[in-house]
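Now for the letters of each chain:
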Amino acid sequence: MATNATKSFKGKEAREVMLAGMKEVFDNVKCTYGGNGKNVVFSKWSGTPVASNDGENIADQVIPENLSERQGADLIKQVARNTNSELEDASTATIMNSYLMARKGADLINSDAKISSLRLRKEIKEAARKVVGEVKSSKIVLGSVEDLENLAITSVEDVDFGKAIAKAIFDAGNSGIVYVNESSKDGVSVEKVEGYQFQQGMITPYLIKDVDRMQTVLENCAVFITELQLLWSNEFNEMLKNIVSHGTKDILIICDEIHEDIIKFAVMNTLRGNFNMAIVKKPIQKDYLEDIASVVGSNAMTMRKGLVHPKIEYCGIAKKVVIKEKTTTIFIDDSKKDELNTYVTTLKNQIDNLDIEDEVGKTKLEERVARLTGGIFMVNVGAKTEASLKHLRDKVDDAVNSLKKVWKTKDDGIVLGGGMALYNAGTKLIPVTNGEKIVYEVCKSNLFQMLQNGGEDDSIITKIMSEGGGYNALTMQYEPDMFKAGIVDSTKVICTSFLNSADFAADFVTYENLITQIPQLIPIDMPVQRQ
């Protein structure tokens, strides 16, 4: 078996070629940072242009042509993925801070051969922990629904809407789901319905019907679930025919992998209006598959049960399903509630029968029960005109998404948003070591980038330094009281993201060599042209 040749880079050259790849990622995501961040357009899947301001999503599209630079890009993308996996947020800030710290660290190592990379590594880590300590010293702990209400009212600039959003998030807790729903009735209301959500989204964008909100909504739909790879077959075709013949026009498929012929078939029939099909990858956790089956009253097709051929008898029913890029939310049909309650009782009995020392098993089962019983808290918003409704819905959507993250980490508290928590920490701490000089300087960069994205000059920095306050990216103005304006961030998100960036940069300064594989070119025998 042929092995590819390699090319090696050493010392400064190795660091610079990796940093070039990182910079390409950094340059593409930095413009999206903050409330006034811009969008990046790229072609995804089969060349369809997509506009996005999601840092991790954009970073994934950056693939440097130079293979050695690509390794640097992959390094910084990995730390962003790890942060996003842990926090579901902060990928852009992680990329920015990681690159800037790595860049400054490399500059120091490259300029002075006497500097120990191992000592610098230690100093960067210690400095980052000092910053986190300073940030945490300024946090405010949220203790009541009133605290949440104040933030929500400020966010949507309306007392009634703010209180409704706060109630929904407070009642949902960590297990419940909050969903913003368009209503035909003016104003705002909150109602709880039974439902379930898991972390997988639409497998192809061609099946997304609401491009504005990047989601597909199915009503009174059939649900087919399998842990297997789904291939085109006569049995599958027969199952679909039976579903449609029963008057069902919406179909949800949850599976492992799916053959491209089925995807093409689904897209074609959805475009023609024959029926609407959504295809979602099964959740990573195996137990969740049976939980979903209990929610829709289906019989999941699995090898363990000996079920390998699709049949309509295996299908369940959902009152409504909302599929987005990364989540699928199922609203339970009234006819399936008793079956779900029976299933939940079975899980609770399993908890009672577990060995008293099996804490891990108990925790997992309790989490599953909480997810099944947490419910969906719908924030219904309505307005007199379509334009007003869209504006209101987007505003409430943004507030819900932001405050859910804050409330989820309420025990860790909140700190000033808009880059101010890190900026204040960076200006208060006095640098002594080289690592501290690097880290404290990067602390200020988030605010600077936000000002740059807003086209601001240095006058706001001057005002912040003399009077305190911060920058409101939404109004693009100086803000004298950030807390009062509701411009806050989760302490956990800020600290975890910054520590991840510092750990990455600390490791990077110790990288001395880079080895890149050179793809082997396979010669092609060209036919001899006759004279």
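Structure shown above.
Residues numbered from 1 in each chain as written. Predicted model: local features only at pLDDT ≥ 70, side-chain atom pairs only at ≥ 80, totals over all residues. Heavy atoms only, no water.

**Side note on the overall build of the protein**
Here is step 1: Looking only at helices and strands, the protein features 18 helices and 17 strands.
Here is step 2: Relative to a compact globule of 531 residues, whose C-alpha radius of gyration would be 24 Å, the protein shows 26 Å and is just as compact.
Here is step 3: Split into buried and exposed, the 531 residues of the protein put 47% on the buried side.
Here is step 4: Pairs at least 24 apart in sequence give 76% of the contacts found in the protein among residues at least 6 apart.
Here is step 5: Here the protein contributes 64 positive and 75 negative side-chain charges, whose respective centroids are spaced 3 Å apart. (Helix = DSSP H or I, 4+ residues; strand = E, 2+ residues; numbered from the N terminus. Rg over C-alpha atoms; globule rule 2.2 N^0.38 Å. Buried < 20%, exposed > 50% of the residue type's maximum accessible area, 1.4 Å probe, protein only. Contact = heavy atoms within 4.5 Å. Lys, Arg positive; Asp, Glu negative; His and termini not counted. Charge placed at Lys NZ, Arg CZ, Asp CG, Glu CD.)

**Some remarks on the packing of helix α11 (residues 337–353) against helix α12 (residues 359–373)**
Here is step 1: Running from amino to carboxyl end, α11 crosses α12 at an angle of 160°, the nearest separation of the two axes being 9 Å. Taken together, α11 and α12 sit at an angle that is classed as roughly antiparallel. Judged by the twist between their axes, the crossing of α11 over α12 is left-handed. In this structure, α11 contributes Leu340, Tyr343, Val344, Leu347, Lys348, Gln350 and Ile351 to the contact, and α12 contributes Lys362, Leu365, Glu366, Arg368, Val369, Leu372 and Thr373.
Here is step 2: When its residues are assigned to classes, the contact of α11 with α12 shows eight nonpolar, two polar and four charged. (Axes fitted to C-alpha atoms, helices over the stretch in contact; angles between N-to-C directions. Parallel < 35°, antiparallel > 145°, perpendicular 65-115°, else oblique. Left-handed = near helix turned anticlockwise from the far one by under 90°. Nonpolar A, V, L, I, M, F, W, Y, C, P; charged D, E, K, R; others polar.)

**As for a negative patch on the surface**
Here is step 1: On the surface, Asp355, Glu357, Asp358, Glu359 and Glu366 cluster together into a patch of negative charge.
Here is step 2: Tracing the sequence through the fold places Asp355 in the loop between α11 and α12. (Patch = residues over 30% accessible without salt bridge, like charges linked within 9 Å, V, L, I, M, F, W, Y side chains within 5 Å. Areas by Shrake-Rupley, 256 points an atom, 1.4 Å probe, with all protein chains shown as cover. Salt bridge = Lys/Arg side-chain N within 4 Å of Asp/Glu carboxyl O.)

**Overview of the sheet that holds strand β4 (residues 177–182)**
Here is step 1: If you trace the three strands from one edge of the open sheet to the other, you get β4-β12-β5, paired in mixed fashion. Of all strands in the sheet, those bounded by a partner on one side alone are β4 and β5 (187–193). When the angles between neighbouring strand axes are averaged without regard to direction, this sheet yields 25°.
Here is step 2: The pairing of β5 with strand β12 (residues 376–382) spans seven bridges and is classified as antiparallel. Directly across from Gly187, in β12, lies its bridge partner Gly382.
Here is step 3: Packing of helix α13 (residues 386–408) onto the sheet brings it into contact with β4 and β12, and relative to β4 it is tilted by some 175°. (Pairing = 2+ DSSP bridges.)

**Section: the nonpolar core**
When a protein is soluble and globular, its nonpolar side chains tend to lie buried together.
Here is step 1: With 69 residues, the main nonpolar core has Val131 and Val135 as its most contacted residues.
Here is step 2: Broken down by element, this core gets its largest block of residues, nine residues, from helix α4 (residues 91–111).
Here is step 3: With 57 residues, the next largest nonpolar core counts Ala222, Val280, Ala293 and Leu365 among its residues. (Core = buried A, V, L, I, M, F, W, Y, C linked by side-chain atoms within 4.5 Å.)

**Quick look at the sheet that holds strand β7 (residues 216–225)**
Here is step 1: The strand order β6-β11-β10-β7-β8-β9 describes an open sheet built from six strands, whose pairing is mixed. The sheet is open, and its two edges are formed by β6 (195–198) and β9 (276–281), each paired on a single side. When strand polarity is set aside, the average angle formed by the axes of neighbouring strands in this sheet is 35°.
Here is step 2: Alignment of β7 against strand β10 (residues 316–323), held across seven bridges, turns out to be antiparallel. Residue pairing across strands places Leu218 opposite Val321, the latter belonging to β10.
Here is step 3: Contacts between helix α8 (residues 234–245) and the sheet are confined to β7, β8 (250–255) and β9, with β8 contributing the most and set at about 145° to the helix.

**Some thoughts on the side chain of Asn269**
Here is step 1: For Asn269, the position within the fold is in helix α9 (residues 260–272).
Here is step 2: Side-chain polar atoms of Asn269 contact the side chain of Asn274, separated by 2.8 Å.
Here is step 3: Sequence-distant contacts of Asn269, that is, excluding residues within four places in its chain, are made with Asn274 and Phe275. (Polar contact = N/O pair within 3.5 Å; in protein donor to acceptor, adjacent residues only side chain to side chain.)

**Some points on helix α1 (residues 11–29)**
Here is step 1: Helix length check: α1, at 19 residues, gives a terminal C-alpha distance of 28 Å against a target of 27 Å (1.5 Å per residue), a fit within 8%.
Here is step 2: Packed against the buried residues of α1 are β1 (5–10), α2 (55–61), α3 (67–87), α4, α18 (491–508) and β17 (513–518). (Expected span 1.5 Å × (residues − 1).)

**Brief notes about helix α5 (residues 117–137)**
Here is step 1: Compared with an ideal rise of 1.5 Å per residue, which puts 21 residues at 30 Å, α5 spans 30 Å between its outermost C-alpha atoms and is within 8% of the ideal.
Here is step 2: Among the residues making up α5, those that are buried are Leu120, Glu123, Ile124, Ala127, Ala128, Val131, Val132 and Val135.
Here is step 3: For α5, the elements touching its buried residues are α4, β13 (414–416), α14 (420–428), α15 (434–443) and α18.

**Regarding the pairing of β8**
Here is step 1: Within β8, six of the six residues are buried, which leaves it mostly tucked inside the rest of the structure.
Here is step 2: Burial along β8 is two-sided: the face carrying Asp250, Leu252 and Ile254 and the face carrying Ile251, Ile253 and Cys255 are both buried.
Here is step 3: As defined by bridge partners, β7 adjoins β8 across four bridges and the pair is classed as parallel. Each bridged residue has a counterpart across the sheet, and for Ala222 the counterpart in β8 is Ile251.
Here is step 4: Since β7 and β8 lie parallel, the crossover through α8 that links them has a hand, and here it is right-handed.
Here is step 5: Between the parallel pair β8 and β9, the chain is carried across by α9, and the sense of this crossover is right-handed. (Right-handed = clockwise from strand over helix to strand, strands pointing away.)

**Some words on the side chain of Thr92**
Here is step 1: Relative to the elements of secondary structure, Thr92 occurs in helix α4.
Here is step 2: Apart from the residues lying within four places of it in its own chain, the contact partners of Thr92 are Val29, Thr32, Tyr33 and Gly55.

**Regarding the packing of aromatic side chains**
Here is step 1: According to the stated counting rule, one finds eight aromatic pairs in the structure shown.
Here is step 2: When the centroid spacing of 6.4 Å and the interplanar angle of 25° are considered together, the rings of Phe504 and Phe508 count as stacked. One end of the pair is Phe504 and the other is Phe508, both in helix α18 and four residues apart, which spans about a single turn.
Here is step 3: Judged by its relative accessible area of 9%, Phe504 falls in the buried class.
Here is step 4: Owing to a relative accessible area of 0%, Phe508 belongs among the buried residues under this scheme.
Here is step 5: In textbook terms, an aromatic cluster arises when at least three aromatic residues are bridged by ring pairs, as seen for Trp232, Phe236, Phe265 and Phe275.
Here is step 6: Seen from the ring of Phe331, Lys320 lies directly overhead, with NZ or CZ sitting 5.4 Å from the centre. (Phe/Tyr/Trp six-rings, centres within 6.5 Å; stacked < 30°, edge-to-face > 60°. Lys NZ or Arg CZ within 6 Å of the ring centre and 35° of its normal.)

**Overview of the pairing of β9**
Here is step 1: Taking burial as the measure, the six residues of β9 include five buried ones, the bulk of the element.
Here is step 2: When β8 meets β9, the two strands line up parallel, connected through six bridges. Paired with Ile251 across the two strands is Met277, which belongs to β9.

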